[in-house]
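Inside the fold
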Amino acid sequence: MTLSGTNTYVIAAAEADSVVIVDPGFHAGAAEHADAVASIVGDRSVELILITHHHHDHTGAVDTFHERFGAPVRAVAEDWCRQASVLIGNEVISAAGTQIHVVATPGHTSDSVSFFLPADDATPHPGGTVLTGDTILGEGTTMLDYPDGTLDDYLASMKTLGDLEGAGRQVAVLPAHGPTLDSVAHTAQDYSEHRMARVDQLREMIAEFPPIPTPVDWESVTVHDLSMQLYPKLPDVVRVPAKKTLAATLEYLLHNPKE
C-alpha cells in the first residue's frame, strides 16, 4: 500500500558539491530509479543515503543505490545501514552543505525517523521543512504497523513534530507519499485528533464486550469483526493495515480506559 509511490528526496545546499539522498524506494525498478536520481544529482557526489524506516517501499533499493553512488547508508535499524552507524534521535548531521536534524518519530514503525531542515528555503515558509517518511503522509492518514508501531508512540511523535513550529516558524511537510503540506503542526494536530476520535469510537463499540486480553492480537476474530464494523466497504488489499491500526488503537484504549 504505497499510494501514488514513494518519494525519494535529494538534499543539498545550492552551492554544495555533494548531496544526501533520502529513501531509495522499491527493489523493483531500482536501477531505473537510480538513473533518474542520478540525473538530478548531476556531477555532484552522493555523500550519504538516509532511510526513514524499514518498510520495503523505502529500503528495497538500498543496495542498488549504495553500489551505484558509493555512499554510506544510515538508518535506525542496523540491518539497513551500509558502512555507517545507526541514526540516533536528536543528532545533527552536517552534510551536503546543510544541517539535517534527526527526529525520532516512532509509531508508524518503531524505527521511524524524520529529518528536519531548519534552513531549507525550497518552500515559501520561513521555518524550513521536515521529511516525515510515512509518519505524516501527503494524503490520507498513516497506518500503525502494530505490534511494532504503537499509538502511544505515535501520539508522542505528533507532539514532537508539532513542537518544531513556534515563534512564527511554519514548517512544511515533505512526506514519503503524496504532496507537500504547508504546516507540520496543523497536520500533526489533525492526525492526533483523528486517532483520538477512533479511540472514542472504539470505546463505545466495546462497552458491552467481555474483557479483551492484552496484548491485542491483530489477527484475532475480535479485531477482524471490529474492523468490519468500522470499515465495512474497505477493499481487501487494505484490510490488513486497517486491522493492525485498529489493534494498536484498541491496545491503547485498554491501557488508557478513562482518557
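Heads up: these notes are all about the structure in this document. (Residues numbered from 1 in each chain as written. Predicted model: local features only at pLDDT ≥ 70, side-chain atom pairs only at ≥ 80, totals over all residues. Heavy atoms only, no water.)

1. Quick notes on the environment of A95
Examined against the element boundaries, A95 turns out to sit in strand 5 (residues 92-95). Overall, A95 belongs to the buried group, its relative accessible area being 5%. Separated by 107 residues in sequence, A95 and L202 have C-alpha atoms that sit 45 Å apart. (Helix = DSSP H or I, 4+ residues; strand = E, 2+ residues; numbered from the N terminus. Buried < 20%, exposed > 50% of the residue type's maximum accessible area, 1.4 Å probe, protein only.)

2. A word on the packing of aromatic side chains
By the definition in use, this model includes one aromatic pair. The interplanar angle of 55° and the centroid separation of 5.5 Å between the aromatic rings of F65 and F69 together place this pair among those described as tilted. Within this pair, F65 and its partner F69 are both found in helix 3 (residues 62-69), separated by four residues, close to a single helical turn. For the pair formed by F65 and F69, the shared burial category is buried. Sitting over the face of the ring of F69, R68 holds its NZ or CZ atom 5.7 Å from the ring centroid. One residue, R195, lies across the ring of Y154, its end atom 5.9 Å from the ring centre. (Phe/Tyr/Trp six-rings, centres within 6.5 Å; stacked < 30°, edge-to-face > 60°. Lys NZ or Arg CZ within 6 Å of the ring centre and 35° of its normal.)

3. Concerning the packing of helix 4 (residues 151-162) against helix 7 (residues 239-255)
The geometry of helix 4 relative to helix 7 is characterised by a closest axis approach of 8 Å and an angle of 90° between their N-to-C directions. Relative to helix 7, the element helix 4 lies roughly perpendicular. For the pair helix 4 and helix 7, contact is made by L151, D152 and L155 and by A248, T249 and Y252, respectively. Considered class by class, the residues forming the contact of helix 4 with helix 7 number four nonpolar, one polar and one charged. (Axes fitted to C-alpha atoms, helices over the stretch in contact; angles between N-to-C directions. Parallel < 35°, antiparallel > 145°, perpendicular 65-115°, else oblique. Contact = heavy atoms within 4.5 Å. Nonpolar A, V, L, I, M, F, W, Y, C, P; charged D, E, K, R; others polar.)

4. Looking at the pairing of strand 5
Side chains I93 and A95 project from strand 5 onto a buried face, and the interleaved V92 and S94 project onto a face without burial. Relative to strand 6 (residues 98-104), strand 5 is paired through four bridges, and the arrangement is antiparallel. What sits directly across from V92, in strand 6, is H101. (Pairing = 2+ DSSP bridges.)

5. Details of the sheet that holds strand 7 (residues 113-117)
Taken together, five strands build an open sheet; the order of strands is 5-6-7-8-9 and the sheet is mixed. Only two strands of the sheet have a single partner each, and these edge strands are strand 5 and strand 9 (172-175). The average undirected angle you get between the axes of adjacent strands in this sheet is 25°. This element, helix 4, spans strand 6, strand 7 and strand 8 (129-133) of the sheet and lies at about 150° to strand 6.

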